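# Structural overview for review
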Amino acid sequence: MTVTAVPNLTVRDFAPADEDAVRQLITAAFPSDREARLVHTLRHCGALVLEQVAVDESGRIVGHVAYSRVTPAAIGRGQAMQIACLAPVSVWPELQHKGVGTTLTRNSLEKLKECGEELVLVLGPPAYFPRFGFDAELAKKIQGPYAGGAFMALALSEDCLRDLPIEVAFATPFEDFE
Ligand SMILES: CC(C)(COP(=O)(O)OP(=O)(O)OC[C@H]1O[C@@H](n2cnc3c(N)ncnc32)[C@H](O)[C@@H]1OP(=O)(O)O)[C@@H](O)C(=O)NCCC(=O)NCCS
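Criteria and cut-off values
- Residues numbered from 1 in each chain as written.
- Predicted model: local features only at pLDDT ≥ 70, side-chain atom pairs only at ≥ 80, totals over all residues.
- Heavy atoms only, no water.
- Disulfide = S-S within 2.5 Å.
- Near = heavy atom within 4 Å.
- Polar contact = N/O pair within 3.5 Å; in protein donor to acceptor, adjacent residues only side chain to side chain.
- Areas by Shrake-Rupley, 256 points an atom, 1.4 Å probe, with all protein chains shown as cover.
- 1 Å grid on protein atoms, 1.4 Å probe; cavity = no way out; pocket = protein on both sides within 12 Å on 5 of 7 lines; lining within 4 Å.
- Sits in = over half its atoms within 2 Å of the grid points.
- Helix = DSSP H or I, 4+ residues; strand = E, 2+ residues; numbered from the N terminus.
- Nonpolar A, V, L, I, M, F, W, Y, C, P; charged D, E, K, R; others polar.
- Axes fitted to C-alpha atoms, helices over the stretch in contact; angles between N-to-C directions.
- Contact = heavy atoms within 4.5 Å.
- Expected span 1.5 Å × (residues − 1).
- Buried < 20%, exposed > 50% of the residue type's maximum accessible area, 1.4 Å probe, protein only.
- Core = buried A, V, L, I, M, F, W, Y, C linked by side-chain atoms within 4.5 Å.

Following the criterion strictly, the structure yields 0 disulfides and no others. Left unpaired, cysteine 45 is separated from the closest cysteine sulfur, that of cysteine 85, by 13 Å.

Around the ligand sit 17 residues, and of these Val91, His97, Gly99, Gly101 and Thr102 come closest. Arginine 131 places a polar side-chain atom, nitrogen or oxygen, 3.0 Å from an oxygen atom of the ligand. Here the ligand has 860 Å² of accessible area as a free molecule, and 69% of this is covered by the chains. The cavity that encloses the ligand is the largest pocket. Sorting the residues of the shell around the ligand by element identifies strand 4 (83-91) and helix 3 (100-114) as the ones contributing at least two each. Per-element accounting of the shell around the ligand gives the leading share, 4 residues, to strand 4. Grouping the amino acids of the shell around the ligand by side-chain chemistry returns 9 nonpolar, 6 polar and 2 charged.

What follows concerns the packing of helix 1 (residues 19-29) against helix 2 (residues 34-44). Direction vectors running N to C along helix 1 and helix 2 enclose 145 degrees, while the axes themselves pass 8 Å from each other. Of the residues in helix 2, those in contact with Glu19, Val22, Arg23, Ile26 and Thr27 of helix 1 are Glu35, Ala36, Val39, His40, Arg43 and His44. Its residues assigned to classes, the contact of helix 1 with helix 2 shows 4 nonpolar, 3 polar and 4 charged.

Below, the discussion takes up the environment of valine 89. You can see valine 89 is positioned in strand 4. Linking valine 89 and glutamate 167, residues 78 residues apart in sequence, is a C-alpha distance of 24 Å. Once residues within four sequence positions are removed from consideration, valine 89 is found in contact with Phe30, His64, Val65, Leu104, Thr105 and Phe129.

Attention now moves to helix 3. In this model, helix 3 (15 residues) spans 21 Å end to end at C-alpha, consistent with the 21 Å of a helix rising 1.5 Å per residue. Residues Val100, Gly101, Thr102, Thr103, Leu104, Thr105, Asn107, Ser108, Leu109 and Leu112 constitute the buried set of helix 3. On its buried side, helix 3 packs onto strand 1 (10-13), strand 2 (48-55), strand 3 (61-72), strand 4, strand 5 (119-123) and strand 7 (151-155). Just downstream of helix 3, glycine 116 is the residue with a positive phi angle, here 95 degrees.

A word on the nonpolar core. Counting 59 residues, the largest nonpolar core has Tyr67, Leu86, Leu119, Val120, Leu121, Phe134 and Ile142 as its most contacted members. Broken down by element, this core gets its largest block of residues, 7 residues, from strand 4. Excluding anything up to four places from it in sequence, phenylalanine 134 contacts Leu86, Leu109, Val120, Leu121, Val122, Phe129, Met152, Ala153 and Leu154.

In structure tokens:
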């Protein structure tokens, strides 16, 4: 695990009892509560593939990440591909830039790979996500509602690359997320 400036940081799966703390954290990390509401909706419509939290030595939740199901086009190559969307990742503001986001993202990507996910998509800062291997060039082979430099993809399996390009649909709550 990456060394962080937050002592004894651990990463674990989200538990239902974390719901309030996670909502407060996401709301604090972003300018409004839109992202917190998005996560809530994704969670309660069963669209989340993985949700993890980073916890400090006192047990406080200091980071959160959510991955939702992305559906390949119903016909053609790659229709069985396991694809997830990383959105959002949040770190409590006063603890940002201390390695929490890096540890949480790396850990969760490893878990996704263990779970058989093959491709991960993200719409986020182009200065941040390439450090995990996310690539805007690769994302050009993913056809869907998003494009541009902030739209990046990470292959967790070499095999999935031969099934690209592919058309995908994101979980329905993203349609209301402008
Ligand atoms: C983005 C975020 C999750 C990163 O977590 P973090 O714990 O602060 O990041 P880390 O300490 O692991 O990494 C710090 C590095 O990320 C960079 N970084 C942090 N936030 C960034 C951002 N929004 N854009 C570009 N780079 C960013 C820092 O410059 C630093 O770079 P360096 O290692 O080259 O010095 C966190 O800052 C956050 O919650 N931001 C608000 C919510 C958000 O914008 N989420 C991303 C979109 S889903």
